[in-house]
Amino acid sequence: MFNFTTLPPLSLYIHLPWCARKCPYCDFNSHEQRDALPERDYTQALLRDLEHDLPRIWGRRIVSIFIGGGTPSLFSPEAVNELLSGVRARVNLLPDAEITLEANPGSSEYAKFAEFRAAGVNRLSIGIQSFNDDHLRALGRIHGRREAIAAAEAAHYAGFDNFNLDLMYALPGQNTEQALADLNTAVALEPAHISHYQLTIEPNTFFHSHPPVLPDDDAAWTMQEHCQQRLAERGYQHYEISAYAQAGRRCKHNLNYWEFGDYLGIGAGAHGKITDAQQQSITRLWKIKQPRAYMDGVAAAKHVGGEQQLTPYDALLEFMMNALRLSEGFSLESFAAHTGLPLAWVEAPLRDAVARGLIEWSGSHVRPTPHGARLLNDLLQLFMMDDAAASQRHTA
C-alpha cells in the first residue's frame, strides 16, 4: 500500500531520564535523582542501543540530535562529550547538524554551559516556564526568577547564539499582565527561540490527581492572543502552534517531527519512527522505560519495549496531526514523499476543510487558516478514516 521512492530526513533523539525533582505537571519518562547518576554505565548503554539500531538506518545521514529528559544538564560535560563522540563514531552526522541539549536553570547546571558547547552541543533549550517566583512555586519548580535570568545570561556568555527558552501561560492564579511580564523578560534576554505553550493537565501526573485552579478558556485565549502579538512585535516568527523563532532559528529537530520525518530514539523510554523503502513500511518502536531495566536490557539485547507497523491510515493521520500544527502548513509533494501515499487519499477531506474555512489550498500547498489553527481537533476529524474508507476514496 505504501510507495516510497525517497526517505525522509533522519534525526536522533537521546533520552536522559533523571531530574532533580519531578514536576507536578510532567508526564514525561523522568525519574528523581536519589543517588549518584550512573553516567558511565548509562552512556555506554546508549551507545550500545545505537549500535543495535544501526541496521535500520544503514547509509542514512543524521540531520539533528536532541538530548532530552529528565534534565540532561545534570550529566557532566565529560559524559556528554563521551556520548557525542561515540555517536559521531557510529553514524553519519551532518557537519552542520543541530545538536540540542535540554537544561534547567540552576547554578550547578549553567556553570557547565561552556563545557557542553565545547563537547559539541550547539543549541540549548532551557526550561524556564515562568519568571514569577509565586508561579514557579505553584509549578513545583526548584529555581527562582534570579536563577532563570542567570541561566539565559550564562548561555550567551558561554557562546550560544542559538538557544530556546520554554515558557508556560495560563498558570494557576496567572492573569494576562503577568503572562506578558514573563514574555517581556524572556524577550529582553534575547533567545533565538521561544516555546510558549499553555499549561495542560495530563494523566498520570500529580496535577491530574490534585488539579490546581487554572484560568478559564476565555482567559487563556486572551493571554495567548496578547502574547502572540507581543512576540510578533519583537520579531519572532510564529511557525508552529507553540514555537516562535528569530529569522533562521527554527528548531530543525522539532521541524523534522512536525514534517513527519524519521528519528531514532535511544535511551530509557525513547521512541523512534523509521521508514524502510525496501520493505515499504513505517515502524514505530520504543525502549524499556525504567532506567535500570533498560540498561540491563541493552546488555542482553532485550531493551526494545515494543514495535508497531503503521498502517497507511496511521501514516495519513499522523502526518496531518503534525503538519497542520505548522503555520505554513505543508506541500502535497511532502505528503506523498513522507507518507508514501497517493494524493487521492486526502483530496476529499482537503476540499471539505476548504469549504469550512479551516485551511487554505493554493496550488500544491496547504496551510491552516487562523480559524483552523484554533480548531485543530475539528480539522483533524476530517482525516479520520479507516484503511478501507481511505482506499475506497483512492479508487473512487
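Not measured: the values here are computed from a predicted model. Starting from 1, residues in each chain are numbered consecutively following that chain's sequence as written. Owing to the predicted nature of the model, reporting of local features is limited to residues with pLDDT of at least 70; listing and counting of side-chain atom pairs is limited to 80 or more, with chain, interface and lining totals taken over all residues. Only hydrogens and water are removed before side-chain values are computed, so all heavy atoms of the structure are retained for them.

Caption draft 1: Structural detail: the overall build of the protein. Strands here are runs of E lasting at least two residues and helices are runs of H or I lasting at least four, both read from the DSSP assignment and numbered beginning at the N terminus. For the protein, the count of helices and strands is 17 helices and 17 strands. Between the two quantities, the radius of gyration covers C-alpha atoms and the globule rule is 2.2 Å times the number of residues to the power 0.38. For the protein, whose C-alpha radius of gyration is 21 Å, the value lies close to the compact-globule estimate of 21 Å for 396 residues. Buried residues are those whose accessible area, probed at 1.4 Å on protein chains only, stays under 20% of the maximum for their type, while exposed residues exceed 50% and partly exposed ones sit between those limits. In the protein, buried positions account for 53% of the 396 residues. Counted over contacts in the protein with a minimum sequence separation of 6, partners at least 24 positions apart contribute 72%. Working definition of accessibility: Shrake-Rupley area with a 1.4 Å probe, residue cover restricted to the visible protein chains. Only carbon and sulfur atoms are counted for the fraction: they give 49% of the accessible area of the protein, which is about 17,500 Å². Any two residues whose heavy atoms approach within 4.5 Å at even a single point are treated as in contact.

Caption draft 2: Layout of the packing of aromatic side chains. Between rings of Phe, Tyr and Trp, where Trp is taken as its six-membered ring, a pair exists when centres lie within 6.5 Å; planes separated by under 30 degrees are stacked, by over 60 edge-to-face, and by other angles tilted. Under the definition given, this model contains 12 aromatic pairs. Summarising the aromatic geometry, the rings of Tyr13 and Phe66 are spaced 6.3 Å apart at their centres and angled 20° between planes, so their arrangement reads as stacked. Separated by 53 residues along the polypeptide, Tyr13 in strand 1 (residues 10–16) and Phe66 in strand 4 (residues 61–69) bring together distant segments of the chain. Each member of the pair, Tyr13 as well as Phe66, is classed as buried. Each ring, one from Tyr239 and one from Trp258, has its centre 6.0 Å from the other, and the planes form 65°; the classification is edge-to-face. Of this pair, Tyr239 sits in strand 9 (residues 237–240) while Trp258 sits in helix 10 (residues 252–258), placing them 19 residues apart in sequence.

Caption draft 3: A look at the side chain of Gln129. Here Gln129 shows up in strand 6 (residues 123–129). Relative accessible area serves as the criterion here: at 5%, Gln129 is assigned to the buried category. Within polar-contact distance, the side chain of Gln129 engages the side chain of Tyr197 at 3.1 Å. Setting aside its immediate chain neighbours within four residues, Gln129 contacts Tyr25, Leu139, Arg141, Asp166, Leu167, Met168, Leu171, Asp182 and Tyr197. In the analysis that follows, any N or O atom pair within 3.5 Å is treated as a polar contact, provided that within protein one partner can donate a hydrogen and the other can accept it, and provided that, for residues neighboring in sequence, both atoms belong to side chains.

Caption draft 4: How the structure looks around the environment of Met320. Counting through the fold element by element, Met320 comes out in helix 12 (residues 312–323). With a relative accessible area of 0%, Met320 lands in the buried category. Apart from the residues within four sequence positions on either side, Met320 is in contact with Phe330, Phe335, Val346, Leu380 and Phe383.

Caption draft 5: Examining the pairing of strand 8 (residues 193–198) more closely. In the sheet, strand 7 (residues 163–169) pairs with strand 8 via six bridges, with the strands oriented parallel. Within the sheet, the bridge partner assigned to Asp166 lies in strand 8 and is Ser195. The β-α-β motif built from strand 7, the intervening helix 7 (residues 176–188) and the parallel element strand 8 has right-handed crossover chirality. Any two strands between which DSSP finds at least two bridges are classified as paired. A clockwise path from the first strand over the helix to the second, with the strands pointing away from the viewer, defines a right-handed crossover.

Caption draft 6: Up close: the sheet that holds strand 15 (residues 330–331). With antiparallel pairing, three strands are arranged side by side in an open sheet as 15-17-16. A strand with exactly one partner marks an edge of an open sheet, and here the two such strands are strand 15 and strand 16 (359–362). Relative to strand 17 (residues 365–368), strand 16 runs antiparallel, the two sharing four bridges. Bridge pairing links Glu360 to Arg367 in strand 17.

Caption draft 7: The pattern of salt bridges, seen in detail. By definition here, a salt bridge exists when the distance from a side-chain nitrogen of Lys or Arg to a carboxyl oxygen of Asp or Glu is within 4 Å. For the structure shown, the criterion picks out 17 salt bridges. Put simply, Arg90 and Glu51 hold a salt bridge, and the shortest N to O gap is 2.7 Å. One end of the pair, Arg90, is in helix 2 (residues 77–90); the other, Glu51, is in helix 1 (residues 39–53), and 39 residues separate them in sequence. A relative accessible area of 28% places Arg90 in the partly exposed class.

Caption draft 8: Just the side chain of Asn164, in detail. Secondary-structure assignment places Asn164 in strand 7. Of the polar contacts made by the side chain of Asn164, one reaches the backbone nitrogen of Ser195; its length is 3.1 Å.

Caption draft 9: Examining the layout of surface pockets more closely. Definitions used for this entry: grid spacing 1 Å over protein atoms alone; cavity, a set of points where a 1.4 Å probe fits but cannot get out; pocket, an open set with protein on both sides within 12 Å along at least 5 of 7 lines; lining residue, one with an atom within 4 Å of a point. Grid points are joined across faces, edges and corners, and a volume is the space filled by probe spheres set on the points. Approximately 230 Å³ is the volume attributed to the second largest pocket. Within the residue set of the lining of the second largest pocket, elements represented by two or more residues are strand 3 (31–32) and helix 11 (291–299).

Caption draft 10: Local environment of empty space enclosed by the protein. Counted under the stated rule, the structure contains one cavity of 30 Å³ or more. Roughly 40 Å³ of volume is contained in the largest cavity. What lines the largest cavity is Leu16, Thr43, Leu46, Ile67, Phe75, Ala79, Val80 and Leu83. Listing elements by their share of the lining of the largest cavity, those giving two or more residues are helix 1 and helix 2. Three categories are distinguished: nonpolar for Ala, Val, Leu, Ile, Met, Phe, Trp, Tyr, Cys and Pro, charged for Asp, Glu, Lys and Arg, and polar for the others, with Gly belonging to the last. Here the lining of the largest cavity is built from residues that sort into seven nonpolar, one polar and no charged.

Spatial relationships are all this shows, so hold off on functional conclusions.
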